[in-house]
Amino acid sequence: MPQPALIVFTDLDGTLLDHDSYSPAAAEPALARLRAAWVPVVLASSKTAAEIAPLRAELGFAHVPAIVENGAGLLEPGSEAPPGGQYAQLREMLDALPADLRAGFQGFGDWGPEGIAQRTGLPREQAARAAQRQFSEPGLWTGSAADKTRFVEALAARGITAREGGRFLTLSFGGTKAGQMEDILARYGHPFSVALGDAPNDVEMLERADLGIVVANPHRAPLPPLKGEAEGRIRRTTLPGPAGWNDAILQVMVERGS
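Remember, predicted model here, so these are calculated numbers, not experimental data. (Residues numbered from 1 in each chain as written. Predicted model: local features only at pLDDT ≥ 70, side-chain atom pairs only at ≥ 80, totals over all residues. Heavy atoms only, no water.)

1. What about the overall build of the protein?
Applied cut-off: The helix count covers DSSP runs of H or I at least four residues long, the strand count covers runs of E at least two residues long, and both are numbered beginning at the N terminus. Put simply, the radius of gyration uses C-alpha atoms, and a globule should come to 2.2 Å times the residue count raised to 0.38. Here's how the labels work: a residue is buried when its accessible area is under 20% of the maximum for its type, exposed when over 50%, partly exposed in between, all with a 1.4 Å probe on protein chains only. Only the protein chains shown count as cover for residues, and all accessible areas are computed by the Shrake-Rupley method using a 1.4 Å probe. For this count, His and the chain ends are skipped, Lys and Arg are scored as positive, and Asp and Glu as negative. Working definition for charges: the position is that of NZ of Lys, CZ of Arg, CG of Asp or CD of Glu.
On a plain count of helices and strands, the protein comes out with 10 helices and 11 strands. In summary, the protein has a C-alpha radius of gyration of 18 Å against a globular reference of 18 Å for 258 residues, a match within 12%. Referenced to the eigenvectors of the C-alpha coordinate spread, the extents of the protein come out at roughly 55 × 40 × 35 Å. For the protein, buried positions account for 50% of its 258 residues. On the protein, roughly 10,700 Å² of surface is accessible, and the fraction owed to carbon and sulfur atoms is 54%. One finds the centroid of the 24 positive side-chain charges in the protein at a distance of 1 Å from the centroid of its 31 negative side-chain charges.

Listed below in structure tokens is the structure:
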């Protein structure tokens, strides 16, 4: 595998993709420069492999591994889906929770493609891809804060983690974006790493990178100050979504001489 001098890890929704339109168009100048310099761009998202594989190809990075379902799975270069999966088991354990706790959570498996499209704004075809889950269950908590704490604790007792993303609370049997990041960095010989994200489930990835960039997202509360931010190892964009992503990456490439 080639040994680049720079590698980029990026969240998708609200970061590289616009929160409302899901378009990366505003980031195209930076993406074009990254492609021209053969800088690997690792997509890291709660999205499924079925969603990420066509997007990765469209962006020109089908030769680069991608992190799917919040780090619960890894999509290898050129592949359409990772092997295996624990989604059925996850849903069974979710349904086995006490009824009052189960009633407070509705996930993609409860909604189906039509419900996913309604709650995300995704076109029906893309919502169907989002429903093709292998490792994790995103959803919304509608109960009280106290019951949410009980819900998360009950899941943890069964080995299930719950992580807050830009839109949804995502359940899985573990695996993080930062954990998958370590393996990918080793493949590429540990080049200078840049990570971009906007949500709590991006924090470990942002703090693990040589340079973390918090992309502004006016649709959610901003992340609190992060480890390394005071020293300048983590920055924040002013512009939101792909426009902020674009400016930040172009600045990094000038600084790194790429």
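2. So, helix 7 (residues 145–157)
Filter applied, for reference: Take the residue count of a helix, subtract one, and multiply by 1.5 Å to get its expected span. Think of it as the arc spanned by the lines of direction from the helix axis to the C-beta atoms. Contacts are residue-level and defined by heavy atoms, with any inter-residue pair within 4.5 Å sufficient.
Over its 13 residues, helix 7 runs 19 Å from end to end, which matches the ideal 18 Å to within 8%, given 1.5 Å per residue. Every buried residue belonging to helix 7 is among F151, A154 and L155, and all of these are buried. Along the long axis of helix 7, the arc covered by the buried residues comes to 100 degrees, so they all point the same way. Away from its buried face by more than 90 degrees, helix 7 exposes A145, A146, E153, A156 and A157. Next to the buried residues of helix 7 lie helix 3 (87–95), helix 4 (99–102), strand 5 (105–107), strand 6 (136–141), strand 7 (161–164) and strand 8 (169–172). Just past helix 7, the residue G159 takes up positive phi, approximately 85 degrees.

3. Quick notes on the pairing of strand 9 (residues 192–197)
Put simply, the test is: For two strands to pair, DSSP has to find at least two bridges joining them. With the strands aimed away from the viewer, a crossover counts as right-handed if its path from the first strand over the helix to the second runs clockwise.
Summarising burial for strand 9: 5 of the 6 residues are buried, a large majority. By the bridge criterion, 5 bridges tie strand 1 (residues 6–10) to strand 9 in an arrangement that is parallel. Paired with T10 across the two strands is L196, which belongs to strand 9. Across 4 bridges, the pairing between strand 9 and strand 10 (residues 211–216) is parallel. Considered in strand 10, the bridge of V194 is made with L211. What joins strand 9 to strand 10 is helix 9 (residues 203–208), and the crossover it makes is right-handed.

4. Looking at the packing of aromatic side chains
To be explicit about the condition: Classification of ring pairs rests on two measures: the distance between centres of Phe, Tyr or Trp rings, Trp counted by its six-membered ring, which must be within 6.5 Å, and the angle between planes, read as stacked under 30 degrees, edge-to-face over 60 and tilted in between.
A full pass over the atoms with the stated rule returns 5 aromatic pairs. Considering the side-chain rings of F105 and F151, the 5.4 Å spacing of their centres and the 25 degrees angle between planes classify their relative orientation as stacked. Of this pair, F105 sits in strand 5 while F151 sits in helix 7, placing them 46 residues apart in sequence. With a centroid separation of 6.0 Å and an interplanar angle of 55 degrees, the aromatic rings of W111 and F168 are classed as tilted. Taken together, the positions of W111 in helix 5 (residues 108–120) and F168 in the loop between strand 7 and strand 8 put the pair 57 residues apart, joining distant regions of the chain.

5. Remarks on the pattern of salt bridges
Note the following rule: We count a salt bridge whenever a side-chain nitrogen from Lys or Arg sits within 4 Å of a carboxyl oxygen from Asp or Glu.
Taken as a whole and judged by the stated rule, the model has 21 salt bridges. The salt bridge partner of D11 is K177, with a shortest N-O separation of 3.1 Å. A residue pair is termed long-range when its members are at least 10 positions apart, and D11 in the loop between strand 1 and helix 1 (28–36) and K177 in helix 8 (residues 177–187) qualify at 166 residues. Of the residues examined, D11 reaches a relative accessible area of 6% and is grouped as buried.

6. Concerning the sheet that holds strand 1
Under the convention used in this document: Lines are fitted to the C-alpha atoms to define the axes, a helix being fitted only along its stretch in contact, and any angle between axes, read from their N-to-C directions, falls within 0 to 180 degrees.
Taken in spatial order, the 5 strands make up an open sheet running 2-1-9-10-11, and their pairing is parallel. Lying at the two open borders of the sheet, with one neighbouring strand each, are strand 2 (41–43) and strand 11 (234–240). Across the sheet, the mean angle from the axis of one strand to that of its neighbour is 20 degrees, orientation sign disregarded.

7. Thoughts on the side chain of S172
So the rule is basically this: Under this definition, polar contacts are N or O atom pairs within 3.5 Å; protein pairs additionally need one hydrogen-donor-capable and one acceptor-capable atom, and for neighbouring residues in sequence, both atoms have to be side-chain atoms.
With respect to the helices, strands and loops of the structure, S172 is situated in strand 8. Residue class for S172 comes out buried when judged on its relative accessible area of 5%. One polar contact links the side chain of S172 to the main-chain amide nitrogen of G174, over a distance of 3.1 Å.

8. A few points about the sheet that holds strand 6
Pairing is antiparallel across the open sheet formed by 4 strands, whose spatial order is 5-6-8-7. Either end of the sheet is taken by a strand with one partner, and the two such strands are strand 5 and strand 7. In this sheet, adjacent strand axes meet at a mean angle of 35 degrees when their direction is disregarded. Bridge count for strand 7 against strand 8 is 4 bridges, and the pairing is antiparallel. Note on strand 8: the bridge partner recorded for A162 is L171. The sheet strands contacting helix 5 are strand 5 and strand 6, and the helix crosses strand 5 at an angle near 45 degrees.

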